[in-house]
Amino acid sequence: MTDTAQTTRTDALGDAELAAIRADFPILSTVVNGAPLVYLDSGATSQKPVQVLDAERVFYERDNAAVHRGAHMLAALATETFEDARATVARFVGAREDEIVWTSNATEGINLIAYAVSNASLGRGGHAARALRIGPGDEIVVTEMEHHANLLPWQELAARTGATLRYISILDDGSLDPQSVDAVITDRTRILAFTHVSNVLGIVNPVADLVARAKAVGALTVLDACQSAPHMTLDVVALGVDFAVFSGHKMLGPTGIGVLYGRADLLNAMPPFLTGGSMITTVTMESAEYLPAPQRFEAGTQRISQTVGLAAAVRYLESVGLQRIAEHESRLGERLVAGLSSIAGVRVLGQPAGTHRVGLASFDVAGVHSHDVGQFLDDRGIAVRVGHHCAQPLHRRLGVTSSTRASAYLYSTDAEIDQLLTGVADATTFFGVGS
Ligand code: PLP
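Residues numbered from 1 in each chain as written. Predicted model: local features only at pLDDT ≥ 70, side-chain atom pairs only at ≥ 80, totals over all residues. Heavy atoms only, no water.

### Structural notes on the site of the ligand
No. 1: Neighbouring residues of the ligand: 13 residues in total, closest Thr107, Asp224, Gln227, Ser247 and Lys250.
No. 2: For the ligand, an oxygen atom lies 2.6 Å from a polar atom in the side chain of Lys250.
No. 3: Here the ligand has 390 Å² of accessible area as a free molecule, and 90% of this is covered by the chains.
No. 4: Residue composition of the shell around the ligand, by class: three nonpolar, eight polar and two charged. (Near = heavy atom within 4 Å. Polar contact = N/O pair within 3.5 Å; in protein donor to acceptor, adjacent residues only side chain to side chain. Areas by Shrake-Rupley, 256 points an atom, 1.4 Å probe, with all protein chains shown as cover. Nonpolar A, V, L, I, M, F, W, Y, C, P; charged D, E, K, R; others polar.)

### Points about the side chain of Glu56
No. 1: Within the secondary structure, Glu56 is located in helix 2 (residues 50-63).
No. 2: Look at Glu56: it is buried, it has no salt bridge, and the nearest opposite charge is Lys48 at 8.6 Å.
No. 3: Each residue touching Glu56, except ones within four places of it in the same chain, is listed here: Pro254, Ser305, Gln306 and Gly309. (Helix = DSSP H or I, 4+ residues; strand = E, 2+ residues; numbered from the N terminus. Buried < 20%, exposed > 50% of the residue type's maximum accessible area, 1.4 Å probe, protein only. Lys, Arg positive; Asp, Glu negative; His and termini not counted. Salt bridge = Lys/Arg side-chain N within 4 Å of Asp/Glu carboxyl O. Contact = heavy atoms within 4.5 Å.)

### A word on the UniProt feature "domain: Aminotransferase class V" (unreviewed entry) in the chain
No. 1: Mapped onto this numbering, the UniProt entry annotates "domain: Aminotransferase class V" (unreviewed entry) at residues 38-420.
No. 2: Here residues 38-420 runs as 38% helix and 17% strand, with 8 Å between its end C-alpha atoms. (UniProt positions renumbered as here; feature names shortened; annotations may be inferred.)

### Notes on the pairing of strand 7 (residues 189-195)
The side chains of a regular strand alternate, residue by residue, between the two faces of the sheet.
No. 1: With six of seven residues buried, strand 7 is to be regarded as a mostly interior element.
No. 2: By the bridge criterion, three bridges tie strand 5 (residues 139-143) to strand 7 in an arrangement that is parallel. Directly across from Ile140, in strand 7, lies its bridge partner Ile191.
No. 3: With five bridges joining them, strand 7 and strand 8 (residues 220-224) adopt parallel strand pairing. Bridge assignment links Thr195 to a residue of strand 8, and that residue is Asp224.
No. 4: Where the polypeptide runs from strand 7 across helix 7 (residues 207-216) and back to strand 8, its parallel neighbour, the crossover connection is right-handed. (Pairing = 2+ DSSP bridges. Right-handed = clockwise from strand over helix to strand, strands pointing away.)

### What to know about the state of the cysteines
No. 1: Tallied over the full model, the rule gives zero disulfides.
No. 2: For Cys226, which is in no disulfide, the shortest distance to another cysteine sulfur is to Cys390 and amounts to 11 Å.
No. 3: Under the relative-accessibility criterion, Cys226 is labelled buried at 11%. (Disulfide = S-S within 2.5 Å.)

### Concerning the sheet that holds strand 16 (residues 385-387)
No. 1: With antiparallel pairing, four strands are arranged side by side in an open sheet as 13-14-17-16. Every other strand in the sheet has two partners, leaving strand 13 (346-348) and strand 16 as the edge strands with one partner each. Taking the axes of each pair of neighbouring strands and ignoring which way they run, one obtains an average angle of 30° across the sheet.
No. 2: Of the strand pairs in this sheet, strand 16 and strand 17 (residues 403-407) are connected by three bridges, and their pairing is antiparallel. Opposite Arg385, over in strand 17, you have Arg405 as the bridge partner.
No. 3: In the packing of helix 11 (residues 322-341) onto the sheet, contacts are made with strand 13, strand 14 (360-365) and strand 17, and the angle to strand 14 comes to roughly 10°.
No. 4: Relative to strand 16, helix 12 (residues 370-378) is tilted by about 160°, and along the sheet it contacts strand 14, strand 16 and strand 17. (Axes fitted to C-alpha atoms, helices over the stretch in contact; angles between N-to-C directions.)

Written out as structure tokens, the structure is:
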């Protein structure tokens, strides 16, 4: 695969192309317990192609220096590379460069927004930040299917400010309950934070509808794009969200790098979250003036090689084509769900009719703990995620304490899905499910 060309192709990923993609990921040739690795845990973290590994290595071999400081040649080169990476990611999500803030992951991005809002609520940020202030009587709304990363920061924000946290409940099939949407989003709602794609159910939420509801009541929207940015075309401006976050490590990039998109006017009104070097214009012993976004949120020495790796990951995804990746994964997801649903004693969590879903599904094997299912599959080299996937309230709502999750990516194959299905069917026999 090349890592530079933007593809306009719309055809399905064929066997030869899939083989070429897989050859770019050295780890996929690992042998686990005597069997070839079947990696179906990309929802937790994706594997990395050589193009990403090389980009980081070359940066350290050729360009390494601290950015935005220093007058020497390497400092200039590193700064240019760092800002080029920002431009690549901005283009990837349809945003302006100054609307892209580097964070260490999506979790930090959501905390950054929540802390900026509470700092504004304490009166920090002056006149510009007034619109961000919240307090008693105001409401923050999330959904019942959120990852803890998009729940706990809002619980804490509510506790710090006296605002109330409310949530949109789900129906038994896992989809958001439209009546709950109507009841919970009101003119007291100041922030609506929700996931684009559920990391447990694989369901794609109706972003446009939710954004329209939030806008109608003047609430800010925060989109958790962790499970969408890696897998489908994401245009934050077209979606109309005020903020969006995602993590590099789930989209072929390195760990330690995340992205916060924020509307420029909002970012520039927000008081900073972390303070320190490289984010100021003037400092006295008593106070400081902060740079505009994005630098006002990038205190301290930045994760530079990780941004370079992430930009290489974006170019890789674009060279294959996000639309083609989405179709490949959606097809694998349908195969996965249909296969799991046909195994006696297996219940797939969340199956709303006609809802678009990605290549990810979680399931419960009656009477068998997910850890035992995971261990059984690992003995065959099949890597899945077990537990509550950082979504305890959702599991509780669905009447289970944990589940097994299989999640595919652009490098996953039909044969791998079939191996998983055989493994799960054999697990039900082994554990005597239904007998
Ligand atoms: N939101 C969703 C939907 C996720 O799937 C994840 C990771 O699993 C996160 C947030 C948190 O991502 P990170 O741990 O990279 O910050």
